[in-house]
Amino acid sequence: MVLPLVVIAHAVLSAAGVSLDDGACAAALAARPSPACAGSERGVVLAESPARADHLLAAAEAGAARFEVLFGRPPGTFAIVEADSPTVDTATTAALRQAGFKTILPWLSSTGYRAQIEAGVRGSVASQTAGLDEAERQAAVATALARVAPQLDPARRATTETVAIPHELGHDWYRKAFWPDEGTGNGEGAARVKHYGGPGPDWMDETAAVMLETDASLQDRRKMFGERYRALRASPSPTTAESRLTDLIRFLEEDHPGAEAVRAVIDRDGAAVRSGTAIRVLSGDDARRVADQGLRFYLQAVVFNDYLVETSGDPQILARIGEAFGRGETLRDWLSRDTTGRLPDSVSALDADWKTWIEARHGQAPL
């Protein structure tokens, strides 16, 4: 898991389908003046410099291309707004929606990013040094800030963004693809709003996002899954948490295991984050808590998608399942009427087949 972690608190940001043209940047800049803009047929990036705009747009475009391969349809139009503030204000949101951008993603500028990292470190140190005097506390802060200095390196952050940008856009692209008229945040418009704000199961929401990451990131996740699986199989008495790695039935039914830790951060940060679309960079203890609770879910998402694609022979199998979810069906419903005959026809049979497949694919360490 790459640290620091990026968490998006999603709000309802829907817009009528408006085709973008060469005037996309002009429309976006009219909605929100910015030092730089980079645009494409799919969306725009408003950023602090031309280089940043180009970099963030390239990351988004790569994710959009993977979304089309995965789901067989184009993603919704997007606007990425880079700023010192972690939120997109209401007026800007309304103007960008009016301009035709369906997915609006806040992104932190270099200044905002540094501020959040340092604030997180200071908060973590303060909670751990309550019994120290001020000089000792400040020394601890200085040590902790020095430890996270590599995270502030622009090149390292740029690499992280190539993974994080498509991942975060992917959550919203998925929801709007299969629930185009559904509210997607803060309980609005959805009968069963879960961790990511959508009415579908969390496993699918996470899979749709994680599979848009870079090839290198996906390979890292597959490798980590294999390592954990072999350790689980070799353990004489694995813990319940360790055993959940292969528990497909739980994976398909559970809320995102990192949700509670994320909600705790959002609640602590106050209503400003909860009331709109906001970005929160987690570092220190916050990042570790979310990573510890949620990493297994990310690994399962990648490997379960591998299983579905290989077993079904359909590289767009998630699109078929997403369409069923959009109609209000469950995975059990879809499996029971799947006519390909390549996947088991029940969740329990799917779980058994998945375990056999895991052993064949991940039981031995790669040469």
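Here's what I pulled together on the structure shown here. (Residues numbered from 1 in each chain as written. Predicted model: local features only at pLDDT ≥ 70, side-chain atom pairs only at ≥ 80, totals over all residues. Heavy atoms only, no water.)

## Brief notes about the overall build of the protein chain
Along its length, the protein chain carries 16 helices and six strands. When burial is assessed residue by residue, the protein chain has 52% of its 367 residues classed as buried. In the protein chain, the proportion of contacts linking residues at least 24 apart, taken out of those at least 6 apart, comes to 72%. (Helix = DSSP H or I, 4+ residues; strand = E, 2+ residues; numbered from the N terminus. Buried < 20%, exposed > 50% of the residue type's maximum accessible area, 1.4 Å probe, protein only. Contact = heavy atoms within 4.5 Å.)

## Details of the pattern of salt bridges
According to the stated counting rule, one finds 22 salt bridges in the structure shown. For the salt bridge of Glu 134 with Arg 137, the shortest nitrogen-to-oxygen distance reads 2.9 Å. With Glu 134 and Arg 137 both in helix H5 (residues 134-148) and three residues apart, this pair spans about one turn of that helix. Among the residues examined, Arg 137 registers a relative accessible area of 19% and is labelled buried. Between Glu 161 and Arg 157 there is a salt bridge, with the nearest N and O atoms lying 3.2 Å from each other. Here the residue Glu 161 and the residue Arg 157 both occupy positions in helix H6 (residues 154-178), the gap between them amounting to four residues, near one helical turn. Comparing Glu 161 with Arg 157 shows no difference in burial state: the two are buried. Among the ionic contacts, a cluster of salt bridges with common partners joins Arg 52, Glu 82, Arg 157 and Glu 161. (Salt bridge = Lys/Arg side-chain N within 4 Å of Asp/Glu carboxyl O.)

## Regarding the packing of aromatic side chains
Within this structure, the stated rule accounts for 17 aromatic pairs. Each ring, one from Tyr 307 and one from Trp 354, has its centre 6.2 Å from the other, and the planes form 85 degrees; the classification is edge-to-face. In this pair, Tyr 307 sits in helix H13 (residues 284-312) while Trp 354 sits in helix H16 (residues 347-362), placing the two residues 47 residues apart along the sequence. Note on accessibility: Tyr 307 and Trp 354 belong to one class, buried. By the ring-pair criterion, three or more aromatic residues cluster together here, those being Trp 203, Phe 225, Phe 251, Phe 297, Phe 304, Tyr 307, Phe 325, Trp 354 and Trp 357. Note that Arg 157 overlies the ring of Tyr 113, its terminal NZ or CZ placed 4.0 Å from the centroid. (Phe/Tyr/Trp six-rings, centres within 6.5 Å; stacked < 30°, edge-to-face > 60°. Lys NZ or Arg CZ within 6 Å of the ring centre and 35° of its normal.)

## A word on the environment of Gln 219
Assignment of secondary structure puts Gln 219 in helix H8 (residues 215-234). Judged by relative accessible area, Gln 219 falls into the partly exposed class, the value being 47%.

## Digging into the nonpolar core
Within the largest apolar cluster, 74 residues are counted, with the highest numbers of intra-cluster contacts made by Phe 71, Trp 203 and Phe 304. It is H13 that provides the largest number of residues to this core, a total of 10 residues. Setting aside residues no more than four positions away along its own chain, Trp 203 makes contact with Phe 251, Leu 252, Phe 297, Phe 304, Leu 318, Ile 321, Phe 325 and Leu 331. Among the nonpolar cores identified, the runner-up in size contains 12 residues, and Ala 28, Val 44, Phe 101 and Ile 104 belong to it. (Core = buried A, V, L, I, M, F, W, Y, C linked by side-chain atoms within 4.5 Å.)

## A short note on the state of the cysteines
A covalent bond between the sulfur atoms of two cysteines is what we call a disulfide. With the rule as written, the count across this model stands at one disulfide. Through a disulfide, Cys 25 is tied to Cys 37; the S-S separation comes to 2.1 Å. As the torsion about the S-S bond is roughly -90 degrees, the Cys 25-Cys 37 disulfide counts as left-handed. You can see Cys 25 sitting in helix H1 (residues 24-31) and its partner Cys 37 sitting in strand S2 (residues 36-39), a full 12 residues away along the chain. Here Cys 25 falls in the buried class, since its relative accessible area comes to 18%. Among the residues examined, Cys 37 registers a relative accessible area of 24% and is labelled partly exposed. (Disulfide = S-S within 2.5 Å.)

## A few points about the environment of Val 141
The topology assignment puts Val 141 in helix H5. The buried category is assigned to Val 141, whose relative accessible area is 6%. Measuring from C-alpha to C-alpha, the distance between Val 141 and Gly 123 comes to 9.3 Å, with 18 residues separating the pair along the chain. When sequence neighbours within four positions are dropped, the list of residues in contact with Val 141 reads Arg 122 and Val 125.

## Remarks on the packing of helix H7 (residues 202-210) against helix H14 (residues 317-326)
Orientation of H7 relative to H14, taken along the N-to-C sense of each, is 140 degrees, at an axis distance of 12 Å. When the interaxial angle is binned, H7 and H14 end up oblique. At the point where H7 passes H14, the crossing takes the left-handed sense. Mapping the contact onto sequence places Trp 203, Met 204 and Thr 207 in H7 and Leu 318, Ile 321, Gly 322 and Phe 325 in H14. Split by residue class, the contact of H7 with H14 holds five nonpolar, two polar and no charged. (Axes fitted to C-alpha atoms, helices over the stretch in contact; angles between N-to-C directions. Parallel < 35°, antiparallel > 145°, perpendicular 65-115°, else oblique. Left-handed = near helix turned anticlockwise from the far one by under 90°. Nonpolar A, V, L, I, M, F, W, Y, C, P; charged D, E, K, R; others polar.)

## Focus on the sheet that holds strand S4 (residues 78-83)
Paired through their backbone hydrogen bonds, the strands of a sheet run either parallel or antiparallel. Pairing within the open sheet is mixed, and its four strands lie in the order S2-S3-S4-S5. The open sheet terminates on both sides in strands that have one partner only, identified here as S2 and strand S5 (103-108). Averaged over all pairs of adjacent strands, the angle between their axes in this sheet comes to 15 degrees, without regard to strand direction. Here four bridges tie strand S3 (residues 43-47) to S4, and the two strands are oriented parallel to one another. When the bridges of S4 are listed, Val 45 appears paired with Ile 80. (Pairing = 2+ DSSP bridges.)

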